[in-house]
Each structure stands twice: as structure tokens, then as C-alpha cells.
Amino acid sequence: MRLLFRRTVQWLDGRRDTQPNADGILPVLLAATGFDAVERAIVPTPSGSISIFAAERREG
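Now for a description of the structure that goes with this document. Small disclaimer: the values here were computed from a predicted structure and weren't measured. (Residues numbered from 1 in each chain as written. Predicted model: local features only at pLDDT ≥ 70, side-chain atom pairs only at ≥ 80, totals over all residues. Heavy atoms only, no water.)

### Side note on the side chain of Q19
Stated precisely, the cut-off is as follows: Helical segments are the DSSP runs of H or I of at least four residues, strand segments are the runs of E of at least two, and each set is numbered from the N terminus. We call a residue buried when its accessible area falls under 20% of the maximum for its residue type, exposed when it is over 50%, and partly exposed in between, using a 1.4 Å probe and counting protein chains only. Here a polar contact is taken to be a pair of N or O atoms separated by no more than 3.5 Å, where protein atoms must pair a possible hydrogen donor with a possible acceptor and residues adjacent in sequence count only if both atoms sit in side chains.
Topologically, Q19 is positioned in helix α2 (residues 15-22). Judged by relative accessible area, which is 18%, Q19 ranks as buried. A distance of 2.8 Å separates polar atoms of two side chains, one belonging to Q19 and the other to D23.

Encoded structure:
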């Protein structure tokens, strides 16, 4: 079901726009902008999981 949902979203929004999120780009983007991010929870849903992050700006 998740695969079907992801494919539907990618078909509607475009794979180029949605694939980075599916690949877990958020922690990389946060680190690149000066934040240390920790994944605190993963919430399963019928359409896939939602990750909850906590982030703090690095000193200096």
C-alpha cells in the first residue's frame, strides 16, 4: 500500500520533487544549514512513515 501511495504521489508531483524526501534528505539539509538533528520518533501511517526530528543550531 505504501509503494502504491508513493508512486501515486510521485506521479502527481513528480519523482524529482519527491524522491529526495523518500531517500531521507532532511537530516542532510539540516546539517548543511548548521543544525544537529536527531530523529526522535518514527510514526507509521498507512501511506508510509513520518519521522519526528529535534534539531539544535551548532555553536560557532
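### Regarding a nonpolar patch on the surface
To keep it simple, the criterion reads: Patches here are clusters of residues that have more than 30% relative accessible area and form no salt bridge, with a 9 Å joining cutoff for like charges and a 5 Å cutoff for nonpolar side chains (Val, Leu, Ile, Met, Phe, Trp, Tyr). Throughout, the Shrake-Rupley method with a 1.4 Å probe supplies accessible areas, and for residues the shown protein chains are the sole cover considered. Every case where a carboxyl oxygen of Asp or Glu lies within 4 Å of a side-chain nitrogen of Lys or Arg is listed as a salt bridge.
Residues V43, I50 and I52 make up a contiguous nonpolar surface patch of roughly 230 Å² in combined accessible area. Inspection of the secondary structure puts I52 in strand β2 (residues 48-57).

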